[in-house]
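Commentary on secondary and tertiary structure
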Amino acid sequence: MGTPDGMGTPDGMGTPDGMGQAHDTGQAHDTGQAHDTGQAHDTGQAHDTGQAHDTGQGNDTGQAHGIGQGHDMGQGHDMGQGHDTGEQLLSGHGGAHAVAAAGRHGVTTIFTLSGGHVFPVYDGAVNAKPPMRLLDVRHEQTAVFAAEGTAKLTRAPGLAVLTAGPGVTNGVSAIATAHFNSSPVVVLGGRAPDYRWGAGSLQELDHPPLLAPITKRAWTEHAAAGIGAAVDEAFVLAGAPHRGPVFLDIPMDALFSETTAQLPALRKPQPASPDPGAIAQVAGLLSEAERPVLVLGSDVWLGGAEEAARQAAQTLALPVITNGQGRGVLPAGHELLVTRARSLALGAADLVIVVGTPLDFRLGYGEFGGKNGAERARVVHIADAADQVAAHCPLAGSAVGDLAAVLRDLMDAAAPRKPGDPWLARLAEAVIGAMAADRTLLASDASPVHPMRIYGELTRILDDDAVVIGDGGDFVSYAGKYVEPKRPGGWLDPGPYGCLGTGLGYAIAARLARPDAQVALLLGDGAAGFSLMDADTLVRHRLPVVMICGNNGIWGLEKHPMQMIYGYDVAADLQPQCRYDEVVRALGGAGALVTEPGEIGPALRRAFDSGVPYLVNVATDPGIAYPRSTTGI
Ligand SMILES: Cc1ncc(C[n+]2csc(CCOP(=O)(O)OP(=O)(O)O)c2C)c(N)n1
Ligand SMILES: [Mg+2]
């Protein structure tokens, strides 16, 4: 299922698929765009494609077999592993060149949703040796979220291929999310053909100007012979610190063209060494500090610095707060992990060293300390690239470079804190107090269900290597607080862009990247509406994932604040106890509605044991709002 059999062959063109596109456009007829629609039907995407064939470009898909010699797609995501990393001669059509270039960067899966403008990429994937997996989804944002989830989990660039026009624009929120998360993602867009540019062919849109503000680079490769090198460049750029999404579109006449080209030798980004002077200055600040805190963010994991960070924290005896993908660098229960005493730690600190995450709203914009009349804390920002160092708040120090190198150098340069440090003892006590205070609600027998009870049950069932994904409002805020990962790289949240709808894409990525681990997707009932149709993708591609819907029947994170501000709310209600479990059942998965607290644990166990996509739909109390201290504004 889901393989694009027959795609890319001349016969595949002008099939009902091509007609379907014109027909879809035909729906615009009803909205009064009759003439455009008629033209699209007459000239048709299939017809455009046919023209590329008539000119003899792309007729012999068999040539694609010659592409990607030396590839071994089964080798996982290590860059270039199993691939010829030297210069390479490419032949065949542009799609085959693109696949060969991506394969060398460790890509094993293309996330996509079909469109004629990108057929050659599919043909290149089908005919690569071995073939590259095509994972076709139900909405382009899911394809990009899946590529981003892959990047977050494997720490190598993920690839999404989107068809021209609406395919690309449907991916924009997900590309923006990757931009804010510094996730290495390559988005390859189809593009209307150059030879008709300006004449108004189907789905003709100049994408790069739209994508430029949310990518490291967005450009068009017009020459068939340049496609391999351009795709290679996109992957190098996406994976080089500071990482992020890169967009490249290719006009369909170039993509369908047969040509030969030279693929340059694989380039690996060289880790940047930190400046010793900067490290010495930070070490000096540490020696003067009485109440230091170390904050570890997503780039610590993405940059492979998790071991160095753990060692630095332990050697220097620094209390640690984690966020994003930094979560799990110190495992749940570690004596130095004080995330649960976060407000005391960041409020009373006199030095906060933030590594690998921006000083954004999640970190009070970089303003720490000052609690109970104390002085403001000094702040050090450590980033993997100079342009990432905060410019909006005063810094006492900063360091730039490969994060593992920075942390190791700092560990060598700074003096460890003395055993019996009263600051550490105070924080440890606060952590114990916070955890004790939670116990009652995590075991709550209230009916309707208190959302915390779900986490009380879930954390008992989760393995150390589980991947937990949060997509929702209040329901996910609870998860962030009460699901503390045991390992890094197992927690996926949407990050500072806060885009609802990441869930199914991230879950697809997690199932592929961690075939044997539990994958738990925590979905608000509102969030579920953005991507639940992709439960169909889980079913078609046999990707068992446990979805847990915290179903309070409202957009909780909007309804409660609106009530607070106005004393009333609008546009914040959903259907009470809507049967999202039945939706997943109808799509071929399984599910159950849970209304009583005692049923949650057994239902979760059944879900994990089922081996199929399964949604546990827990009706929760809409009267309960997550007790938040910040709004993010
Ligand atoms: C794409 C997008 N649209 C709207 C929002 C605004 N928003 C943030 S949280 C939230 C409510 C989420 O509701 P739900 O998923 O049901 O979780 P709950 O808060 O009820 O637990 C909304 C609408 C957003 N963050 N992203
Ligand atoms: Mg809700």
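Look a little higher up for the structure.
Small disclaimer: the values here were computed from a predicted structure and weren't measured.

Moving on, we come to the overall build of the protein chain. Of regular secondary structure, the protein chain possesses 25 helices and 19 strands. Looking at the protein chain as a whole, 58% of its 633 residues qualify as buried. In the protein chain, once contacts between residues fewer than 6 apart in sequence are set aside, the share between residues at least 24 apart is 77%. On the protein chain, roughly 24,500 Å² of surface is accessible, and the fraction owed to carbon and sulfur atoms is 52%.

Here we come to the packing of helix α18 (residues 451-461) against helix α19 (residues 474-482). Between α18 and α19, whose axes approach to 10 Å, the crossing angle comes to 40°. When the interaxial angle is binned, α18 and α19 end up oblique. Considering the relative orientation of α18 and α19, their crossing is right-handed. Judged by residue contacts, P451, M452, I454, Y455 and T459 of α18 engage F475, Y478, A479 and Y482 from α19. Residue classes in the contact of α18 with α19 are distributed as eight nonpolar, one polar and no charged.

Around a metal, the ideal angle is 109.5 degrees if four donors adopt a tetrahedral arrangement and 90 or 180 degrees if six donors adopt an octahedral arrangement. Coordination of the magnesium ion (ligand 2) by the protein is provided by D525 (OD), N552 (OD1) and I554 (O), with metal-donor distances spanning 2.1 Å. Read in sequence order, the donor residues for the magnesium ion (ligand 2) give the motif D-x26-N-x1-I. On the criterion of sequence distance, the pair formed by D525 in helix α21 (residues 525-531) and I554 in the loop between β17 (546-551) and α23 (556-566) is long-range, its members being 29 residues apart. Classification of D525 by relative accessible area gives buried; the value is 3%.

The subject of this paragraph is a nonpolar patch on the surface. Side chains of M564, I565, Y566, Y568 and V570 sit close together on the surface and give an oily, nonpolar patch of about 620 Å² of accessible area. Taking the relative accessible area as the measure of exposure, I565 reaches 63% and is therefore exposed.

Further remarks concern unusual backbone geometry. Residue H242 is bonded to the preceding P241 through a cis peptide linkage, with omega at -10°. Here H242 lies in the loop between α10 (227-239) and β7 (245-251). Of note in this structure, R542 is not a glycine but carries a positive phi near 50°. For R542, the location among the structural elements is in the loop between α22 (535-540) and β17.

Below, the discussion takes up the side chain of D534. One can find D534 in the loop between α21 and α22. Here D534 occupies a buried position and makes no salt bridge, while the nearest side chain of opposite charge, R540, is found at 5.2 Å. Engagement of the side chain of D534 in a polar contact is seen with the side chain of T537, the distance being 2.4 Å. Setting aside its immediate chain neighbours within four residues, D534 contacts V137, R138, H139, T142 and L504.

Attention now goes to the pairing of β7. Most of β7 sits out of view: seven of its seven residues are buried. Across seven bridges, strand β5 (residues 185-191) lies against β7 in parallel orientation. Within β7, the position partnered with L188 by the bridge is L248. Relative to β7, strand β6 (residues 217-220) runs parallel, the two sharing four bridges.

Along an α-helix, a turn takes 3.6 residues, which lines up residues three or four apart on a common side. Every buried residue of helix α8 (residues 172-180) is listed here: A174, I175, A176, T177 and A178. The elements touched by buried residues of α8 are α6 (140-154), β5, α9 (208-211), β7 and α20 (503-513). Positive backbone phi, approximately 50°, marks S182, located one or two places after α8.

Attention now moves to the nonpolar core. In this structure, I469, I508, L521, L523, L532, M547 and L615 are the most contacted members of the largest nonpolar core, which totals 50 residues. Ignoring anything within four residues of it in the chain, the contact list for M547 reads L504, L521, L523, L532, L538, V584, P613, Y614, L615 and V616. Core analysis: the second largest hydrophobic core is formed by 37 residues, L285, L294, L296 and V329 among them.

Bringing the packing of aromatic side chains into the picture now. Following the criterion strictly, the structure yields eight aromatic pairs and no others. Measuring from centroid to centroid gives 6.3 Å for F119 and Y122, while their planes differ by 45°, and the two rings are tilted. Taken together, the residues F119 and Y122, both in helix α5 (residues 119-127) and three residues apart, mark about one turn of the helix. Ring geometry for Y566 versus Y568: centroids 5.7 Å apart, planes at 55°, classification tilted. For Y568, a relative accessible area of 43% corresponds to the partly exposed category.

Further remarks concern the pairing of strand β14 (residues 467-471). The buried fraction of β14 is high, at five of five residues. With burial as the criterion, each face of β14 is covered, one bearing V467, I469 and D471 and the other bearing V468 and G470. Inspection of the sheet shows β14 paired to strand β16 (residues 519-524) by five bridges, in the parallel sense. Following the sheet pairing, G470 is matched in β16 by L522. Sheet topology places β14 next to strand β15 (residues 491-492); two bridges connect them, and they run parallel. By the bridge assignment, V468 is partnered in β15 with W491. Each parallel crossover has a hand, and for β14 linked through α19 to β15 it is right-handed.

Okay, the environment of A312 next. In this structure, A312 sits in helix α14 (residues 306-316). In this structure A312 comes out as buried when scored by relative accessible area, which is 3%. Measuring from C-alpha to C-alpha, the distance between A312 and D412 comes to 8.7 Å, with 100 residues separating the pair along the chain. Excluding residues within four positions of it along the chain, A312 makes contact with A317, L407 and M411.

As a further point, take the sheet that holds strand β13 (residues 397-400). Read from one edge of the open sheet, five strands run β10-β9-β11-β12-β13, paired in parallel fashion. With partners counted over all chains shown, the strands left at the sheet margins are β10 (320-322) and β13, one partner each. Each adjacent strand pair in this sheet contributes to an overall mean axis angle of 15°, direction not counted. Along the sheet, helix α12 (residues 276-288) contacts β9 (292-296), β11 (351-355), β12 (378-383) and β13; its crossing angle with β13, the most-contacted strand, is approximately 140°. Contacting β11, β12 and β13, helix α16 (residues 403-413) runs over the sheet at an angle of about 135° to β12.

Glancing now at the site of ligand 1. Close to ligand 1 lie 17 residues; D474, G498, D525, G526 and G556 are nearest. Taking N552, its side chain carries an N or O atom lying 2.9 Å from an oxygen atom of ligand 1. In the environment of ligand 1, an oxygen atom lies 2.9 Å from a nitrogen or oxygen atom belonging to the backbone of L557. Relative to its unbound accessible area of 590 Å², ligand 1 is 79% covered by the protein chains. In terms of residues, the shell around ligand 1 owes the most to one element, α21, which gives four residues. For the shell around ligand 1, the residue count by class is seven nonpolar, seven polar and three charged.

Conventions adopted
Residues numbered from 1 in each chain as written. Chains lettered and ligands numbered in written order. Predicted model: local features only at pLDDT ≥ 70, side-chain atom pairs only at ≥ 80, totals over all residues. Heavy atoms only, no water. Helix = DSSP H or I, 4+ residues; strand = E, 2+ residues; numbered from the N terminus. Buried < 20%, exposed > 50% of the residue type's maximum accessible area, 1.4 Å probe, protein only. Contact = heavy atoms within 4.5 Å. Areas by Shrake-Rupley, 256 points an atom, 1.4 Å probe, with all protein chains shown as cover. Axes fitted to C-alpha atoms, helices over the stretch in contact; angles between N-to-C directions. Parallel < 35°, antiparallel > 145°, perpendicular 65-115°, else oblique. Left-handed = near helix turned anticlockwise from the far one by under 90°. Nonpolar A, V, L, I, M, F, W, Y, C, P; charged D, E, K, R; others polar. Donors = N, O, S within 2.8 Å, 3.2 Å for Na, K, Ca; no water. Patch = residues over 30% accessible without salt bridge, like charges linked within 9 Å, V, L, I, M, F, W, Y side chains within 5 Å. Salt bridge = Lys/Arg side-chain N within 4 Å of Asp/Glu carboxyl O. Lys, Arg positive; Asp, Glu negative; His and termini not counted. Polar contact = N/O pair within 3.5 Å; in protein donor to acceptor, adjacent residues only side chain to side chain. Pairing = 2+ DSSP bridges. Core = buried A, V, L, I, M, F, W, Y, C linked by side-chain atoms within 4.5 Å. Phe/Tyr/Trp six-rings, centres within 6.5 Å; stacked < 30°, edge-to-face > 60°. Right-handed = clockwise from strand over helix to strand, strands pointing away. Near = heavy atom within 4 Å.

In short, shape yes, function no, at least from these values alone.
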